[in-house]
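Residues per chain are reported as follows:
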Amino acid sequence: MTVDDESEGGAPEPPTYPTPHHEVDHTAEPSDDPLAIRLEQLILGADRRYTPFQAARTAGVSMELASRFWRAMGFADIGQAKALTEADVLALRRLAGLVEAGLLSEPMAVQVARSTGQTTARLAEWQIDSFLEGLTEPPEPGMTRTEVTYPLVELLLPELEEFLIYVWRRQLAAATGRVLVQAADDEEMVDRRLAVGFADLVGFTRLTRRLEEEELGELVEAFETTCADLVAAHGGRLIKTLGDEVLYAADDAGTAAEIALRLIETLSHDETMPALRVGIAFGTVTTRMGDVFGTTVNLASRLTSIAPKDAVLVDGALAEELSRTGEAPVSETEAAEEAARAEKEGRQSATYRFALQPMWQRPVRGLGVVEPWLLTRRPT
């Protein structure tokens, strides 16, 4: 659907479109605060020129599709306020152009807008809440925060932009390599076999009632930072953080197991941290917009909830995979007997990274009866 051209009598009134997926049109008028406008112009690099209707028309996109793109990116409805710029028009053209060229379907283009919007929204919120707030403390008495903010943003903006593009390209290259190397067919591009781990702080709800907000924030930040660093350093991927819980994935069982034990070992030596418990499951996982879904993910979450303090529980599939790859013995008894024979014969016995101890079978809500295994590091 396209917008009609202007008639000789002047520009037509913009048509009214129903708000997709909402019964109520939630509008948000842009700020008229002079400093806010100056900062917006600095960051966007352009002045406000268009209403949403005018931007859609200039981009050659229907108002309905433009609204879907804007909402997918996380931007509020603004009625017919003149708040959009040339960059907004260009973004609409690019998305619509990808659809017209057949490179993306319309639903996929909306998904691209949504995933990009959600990721960058969180990044922007963090930068403002944690980064800029600390840097814009007035350096001298009598100065206001607003007087410091503008020149600081002016200096940081190009550097942060370049760094964001660099990190995105690096992450894109890594993700593309992983998927293309491992995917044997088209189905594996979406449904893949992965090891999925949850790490959860024990007693976090009680802590929220005992600690001051600032102390709680510092604890959560330290937990997330430590987990993110360890997951990345040992070859995993941090999927998301949920305050007292992190979700990570790895392409192989050994990597996931190593990360879990490193998390326990590192955080148990930090007196400020509560106890940690980790659950890992191995199997088919559906990936979408950077997240993971499916029975394997649910099982990892359930294992975490029943794991002892400062311990790692894994499912039977991950235990079997560790044994198959030679990273854990199939039987501790057989491993001990083999080690004794090797010592007697003067040869080197097999070495294993991990030890697995079967636990009592138990019913797990929604998943039936499972047999968890306690994962530990094998003494060297």
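A brief structural summary. The shown structure was predicted, so the numbers you read here are calculated from the model rather than taken from an experiment. (Residues numbered from 1 in each chain as written. Predicted model: local features only at pLDDT ≥ 70, side-chain atom pairs only at ≥ 80, totals over all residues. Heavy atoms only, no water.)

1. Focus on the overall build of the chain
Helices and strands together make up the secondary structure of the chain, namely 12 helices and 10 strands. Considering only contacts within the chain whose residues lie at least 6 apart along the sequence, 66% involve residues at least 24 apart. Accessible surface, the chain as shown: approximately 23,100 Å² in total, 53% of it carbon and sulfur. (Helix = DSSP H or I, 4+ residues; strand = E, 2+ residues; numbered from the N terminus. Contact = heavy atoms within 4.5 Å. Areas by Shrake-Rupley, 256 points an atom, 1.4 Å probe, with all protein chains shown as cover.)

2. Structural notes on the layout of surface pockets
In this structure, the second largest pocket encloses a volume near 310 Å³. As for the second largest pocket, its lining consists of 18 residues, of which Ser349, Ala350, Thr351, Tyr352 and Arg378 are closest to the centre. Considering each element in turn, the lining of the second largest pocket owes the most residues, 5 residues, to helix H12 (residues 332-345). (1 Å grid on protein atoms, 1.4 Å probe; cavity = no way out; pocket = protein on both sides within 12 Å on 5 of 7 lines; lining within 4 Å. Points joined across faces, edges and corners; volume = space filled by probe spheres on them.)

3. Observations concerning a negative patch on the surface
Taken together, Glu212, Glu213, Glu214, Glu215, Glu218 and Glu221 make up a surface patch of like negative charges. Relative to the elements of secondary structure, Glu221 occurs in helix H8 (residues 213-233). Taking relative accessible area as the criterion, Glu221 reaches 47% and is therefore assigned partly exposed. (Patch = residues over 30% accessible without salt bridge, like charges linked within 9 Å, V, L, I, M, F, W, Y side chains within 5 Å. Salt bridge = Lys/Arg side-chain N within 4 Å of Asp/Glu carboxyl O. Lys, Arg positive; Asp, Glu negative; His and termini not counted. Charge placed at Lys NZ, Arg CZ, Asp CG, Glu CD. Buried < 20%, exposed > 50% of the residue type's maximum accessible area, 1.4 Å probe, protein only.)

4. Description of the packing of aromatic side chains
With the rule as written, the count across this model stands at 2 aromatic pairs. Ring centres 5.9 Å apart and planes at 50° place the aromatic pair Trp70 and Phe75 in the tilted group. Assessed through its relative accessible area of 12%, Trp70 is described here as buried. Since its relative accessible area comes to 45%, Phe75 is described here as partly exposed. A cation over a ring is seen here: Arg38 above Tyr150, with NZ or CZ 4.1 Å from the ring centre. (Phe/Tyr/Trp six-rings, centres within 6.5 Å; stacked < 30°, edge-to-face > 60°. Lys NZ or Arg CZ within 6 Å of the ring centre and 35° of its normal.)

5. Some remarks on the nonpolar core
Among the nonpolar cores identified, the biggest contains 38 residues, and Tyr248, Leu276, Val278, Ile280, Val312, Leu322 and Leu375 are the most heavily contacted of them. For this core, the leading source of residues is helix H9 (residues 253-268), giving 9 residues. Setting aside anything within four residues of it in sequence, one finds Val312 in contact with Ala260, Leu261, Ile264, Val278, Ile280, Trp373, Leu374 and Leu375. Ala72, Leu84, Ala96 and Val110 belong to the second-largest nonpolar core, a separate cluster that totals 22 residues. (Core = buried A, V, L, I, M, F, W, Y, C linked by side-chain atoms within 4.5 Å.)

6. Focus: the pattern of salt bridges
Taken as a whole, this structure holds 13 salt bridges when the rule is applied. Of the charged contacts in the structure, one is a salt bridge between Asp251 and Arg237, with a shortest N-O distance of 3.3 Å. Separated by 14 residues along the polypeptide, Asp251 in the loop between strand S3 (245-250) and H9 and Arg237 in strand S2 (residues 237-241) bring together distant segments of the chain. Using a relative accessible area of 15% as the deciding quantity, one classes Arg237 as buried.

7. Thoughts on the side chain of Glu245
Looking at the secondary structure, you find Glu245 in strand S3. Buried and unpaired, Glu245 has Arg277 as its nearest opposite-charge partner, separated by 7.4 Å. In contact with Glu245, other than residues within four places in its own chain, are Phe198, Ala199, Asp200, Phe223 and Lys240.

8. Let's talk about the packing of helix H3 (residues 63-72) against helix H4 (residues 86-100)
The geometry of H3 relative to H4 is characterised by a closest axis approach of 11 Å and an angle of 105° between their N-to-C directions. One finds that H3 runs roughly perpendicular with respect to H4. Counted together, Ala66, Phe69 and Trp70 of H3 and Asp88, Leu92, Leu95 and Ala96 of H4 form the full contact between these two elements. The class makeup of the residues in the contact of H3 with H4 is 6 nonpolar, no polar and 1 charged. (Axes fitted to C-alpha atoms, helices over the stretch in contact; angles between N-to-C directions. Parallel < 35°, antiparallel > 145°, perpendicular 65-115°, else oblique. Nonpolar A, V, L, I, M, F, W, Y, C, P; charged D, E, K, R; others polar.)

9. Digging into helix H1 (residues 34-44)
What sets the pattern is the α-helix's 3.6 residues per turn: residues three or four places apart point alike. Those residues of H1 that sit buried are Leu35, Leu39 and Leu42. The buried residues of H1 all sit within an arc of 60° when viewed along its axis, so they share a single face. Of the residues flanking the end of H1, it is Gly45, one or two places downstream, whose phi is positive at about 70°. (Arc of directions from axis to C-beta.)

10. A look at the environment of Glu332
The topology assignment puts Glu332 in helix H12. Overall, Glu332 belongs to the partly exposed group, its relative accessible area being 33%. Every residue in contact with Glu332, bar those within four places of it in the chain, is listed here: Ala355, Leu356 and Arg378.

11. Structural notes on the side chain of Asp291
Residue position: Asp291 is located in strand S5 (residues 291-293). A polar contact is formed between the side chain of Asp291 and the side chain of Lys240, at a distance of 3.1 Å. (Polar contact = N/O pair within 3.5 Å; in protein donor to acceptor, adjacent residues only side chain to side chain.)

12. Remarks on a nonpolar patch on the surface
On the surface, a nonpolar cluster with roughly 280 Å² of combined accessible area is contributed by Leu123, Trp126 and Leu164. As for its placement among the helices and strands, Leu123 is situated in helix H5 (residues 106-135).

Take it as geometry only, folks, not as evidence of what the structure does.
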